[in-house]
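# Architecture at a glance
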Amino acid sequence: MMQAVRLLALLGIIALVTVLGLRWYQDRPVPPEPLPTLVLAALDGRASFDPEEIEGPYLINVWGSWCPYCEMEHPVLMALQAEGIAIYGIAFRDTAAAANASLDSLGDPFVGVMLDVDGRSARRLV
């Protein structure tokens, strides 16, 4: 009987330490991580950007004119832009003509947009 009480007390202490540890871990601030080096090309006719010069809060959206999910999320990006959120776009494995046609058709929510023709840079963001 005494061993059962000791075991329950030990399990209670372990549970308490675990809960307190998780609480501490969740409450600590997460330092921002720098962007990896991105090799991007300008998209003719659109404002470009240098990832190393972006300041303040922003959203980077990787998208493609060929991507049906990107087309579905586009209204959300337009709404975020209307609220003043800075959004930078990376057209993933796309052509300039197709990317521009998509933005002309759906609207351009981006402060700047660049091409990641071979897809290598966007993969570094994951």
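Everything below is about the structure printed above this text.
Residues numbered from 1 in each chain as written. Predicted model: local features only at pLDDT ≥ 70, side-chain atom pairs only at ≥ 80, totals over all residues. Heavy atoms only, no water.

## What about the overall build of the chain?
In terms of regular secondary structure, the chain is built from four helices and four strands. Tracing the chain from N to C terminus, the helices and strands come up as α-β-β-α-β-α-β-α. Within the chain, residue pairs in contact and separated by at least 24 positions form 77% of the contacts whose partners lie at least 6 positions apart. A total accessible area of about 9,000 Å² is found for the chain, and carbon and sulfur atoms account for 62% of it. (Helix = DSSP H or I, 4+ residues; strand = E, 2+ residues; numbered from the N terminus. Contact = heavy atoms within 4.5 Å. Areas by Shrake-Rupley, 256 points an atom, 1.4 Å probe, with all protein chains shown as cover.)

## A word on the environment of L80
Along the polypeptide, L80 turns up in helix α2 (residues 68-82). A relative accessible area of 24% means that L80 is categorised as partly exposed. Placed 21 residues apart in sequence, L80 and L59 show a C-alpha to C-alpha distance of 9.7 Å. Other than its neighbours up to four places away in sequence, L80 contacts L59, I85 and I87. (Buried < 20%, exposed > 50% of the residue type's maximum accessible area, 1.4 Å probe, protein only.)

## Focus on a negative patch on the surface
Residues D50, E52, E53 and E55 make up a contiguous surface patch of negative charge. Secondary-structure assignment places E53 in the loop between β1 (41-42) and β2 (59-63). Its relative accessible area of 60% is what places E53 among the exposed residues. (Patch = residues over 30% accessible without salt bridge, like charges linked within 9 Å, V, L, I, M, F, W, Y side chains within 5 Å. Salt bridge = Lys/Arg side-chain N within 4 Å of Asp/Glu carboxyl O. Lys, Arg positive; Asp, Glu negative; His and termini not counted. Charge placed at Lys NZ, Arg CZ, Asp CG, Glu CD.)

## So, the packing of aromatic side chains
Considering all chains together, one arrives at four aromatic pairs under this definition. On the basis of an interplanar angle of 55° and a centroid distance of 4.9 Å, the ring pair of F49 and Y88 is categorised as tilted. Residue F49 is located in the loop between β1 and β2, and its partner Y88 is located in strand β3 (residues 87-92); the two are separated by 39 residues in the primary sequence. Each of the two residues, F49 as well as Y88, counts as buried. Between the aromatic rings of W63 and F110, the centroid separation amounts to 5.8 Å while the plane-to-plane angle is 20°, which identifies the pairing as stacked. Separated by 47 residues along the polypeptide, W63 in strand β2 and F110 in the loop between α3 (96-106) and β4 (112-116) bring together distant segments of the chain. You'll find W63 and F110 in the same group, each marked buried. Taken together, the ring pairs connect F49, Y58 and Y88 into an aromatic cluster. (Phe/Tyr/Trp six-rings, centres within 6.5 Å; stacked < 30°, edge-to-face > 60°.)

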